[in-house]
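If you want the building blocks of each chain, they are given just below.
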Amino acid sequence: MVMSIAQNLATIHDAIRAAESDAARAAHNVRLVAVSKFHTADAVAEAIAAGQTLFGENRVQEAAAKFTGLAARGLPFELHIIGTLQRNKVRDAVKIASCIQSVDRIEVLQEIERQCAKIGKTIAVLFELRTGEATKAGFSDYAALEYAVALCAQGQFPHVMPRGLMTIAPNTDDQEKIRAAFRTVRETRDRLAEAYPTLRLTELSMGMSGDYRIAISEGATMVRIGTAIFGARHA
Ligand SMILES: *Cc1c(COP(=O)(O)O)cnc(C)c1O
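Positions within a chain are numbered from 1, following the residues in the order the chain's sequence is written. The predicted origin of the model limits local features to residues at a pLDDT of at least 70 and limits the giving and counting of side-chain atom pairs to 80 or more, whereas totals for whole chains, interfaces and linings rest on all residues. The side-chain values count all of the structure's non-hydrogen atoms but skip hydrogen atoms and water molecules.

A. View of the packing of helix H6 (residues 142–153) against helix H7 (residues 175–195). Closest axis-to-axis distance for the H6/H7 pair is 11 Å, and the angle between their directions is 40 degrees. It follows from the interaxial angle that H6 and H7 lie oblique. In this structure, the crossing between H6 and H7 has a hand that is right-handed. Facing Tyr-142, Leu-145, Glu-146 and Val-149 of H6, the residues of H7 in contact are Thr-188, Arg-191 and Leu-192. Among the residues forming the contact of H6 with H7, the class breakdown is 4 nonpolar, 1 polar and 2 charged. For helices, the fitted line uses only the C-alpha atoms of the stretch in contact; every axis is such a line through C-alpha atoms, and the angle between N-to-C directions lies from 0 to 180 degrees. The way it works is that DSSP assigns letters per residue, a run of H or I at least four long becomes a helix, a run of E at least two long becomes a strand, and they are numbered from the N terminus. If an angle is under 35 degrees, it is roughly parallel; if it is over 145, roughly antiparallel; if it lies from 65 to 115, roughly perpendicular; otherwise it is oblique. Note on convention: near helix rotated counterclockwise from far helix by under a right angle means a left-handed crossing. Clockwise means right-handed. Any two residues having at least one pair of non-hydrogen atoms within 4.5 Å are treated as being in contact. The nonpolar class holds Ala, Val, Leu, Ile, Met, Phe, Trp, Tyr, Cys and Pro. Asp, Glu, Lys and Arg form the charged class, and all remaining residues, Gly among them, are polar.

And the structure:
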């Protein structure tokens, strides 16, 4: 049986509510980021028609092509960039996105500041923490991450609003390993939030189609789900 995007979204919203409840968390504290990479603008439009407005894309060029067209059609959406950013893609990324979830080095932060200053835009960012081998992306040591956060707290990047952390869990069937990774990210966020109380480091973007329930039980505030909404990707 082929489920529609609207049906998949409804199923996931139910599962998110159930996971919040199981974790004794208040309802509606987890935002769903619909990851539309490799899927068409029409698929995104279908999700928007079903009430989904927050989307995630990995590649800036693909995102720009797709979402510029959707904007021209007057469709409402918010876009987060969730893939590793090359420095030369930052200019286009900050034009179309309200958040860059995948800040993994100081140079990217500097470039985001530079490009946002040019267009007079302030943008939210999350710092990506590396917790597995699934990707080479993300800060892999606390000192480097803390240094980046400290520079933000000192006001070095006035057009950048750090909001929390993001991770891609290890690619494994071992649920306890996945849970431990999410827990590490939450504890790291807690530690940074305590050290830098002037920043509002409230967000934890973690959990994908296969592991979002675990992520919610470990405190995720955003889950990034592609396959379970749009179906398999044909890349
Ligand atoms: C592709 C992707 C997702 C969504 O993965 P699914 O398994 O399809 O839900 C989430 N986060 C990032 C960073 C991704 O690249």
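Don't stop here, the text continues.
B. Local environment of the pattern of salt bridges. Think of a salt bridge as a Lys or Arg side-chain nitrogen and an Asp or Glu carboxyl oxygen that are within 4 Å of each other. This model, assessed by the stated rule, comprises 14 salt bridges. For Glu-20, the salt bridge goes to Arg-17, with nearest N and O atoms at 3.0 Å. You can see Glu-20 and its partner Arg-17 sitting in helix H1 (residues 5–22), 3 residues apart, about one turn around the helix. For the salt bridge of Glu-111 with Arg-87, the shortest nitrogen-to-oxygen distance reads 3.6 Å. With a gap of 24 residues between them, Glu-111 in helix H5 (residues 106–119) and Arg-87 in the loop between strand E3 (78–81) and helix H4 (90–96) connect regions that are remote in the sequence. Members of the salt-bridge network, linked through shared partners, are Arg-179, Arg-183, Arg-186 and Glu-218.

C. Fine view of the side chain of Gln-101. Positionally, Gln-101 belongs in strand E4 (residues 99–103). Residues adjacent in sequence count toward polar contacts only when both atoms are side-chain atoms; beyond that, a polar contact is any pair of N or O atoms within 3.5 Å, and within protein one must be able to donate a hydrogen and the other to accept it. In terms of polar contacts, Gln-101 uses its side chain to reach the side chain of His-80, at 3.0 Å. Ignoring anything within four residues of it in the chain, the contact list for Gln-101 reads Val-33, His-80, Ile-81, Ile-82, Leu-126, Phe-127, Glu-128, Met-166, Ser-205, Met-222 and Arg-224.

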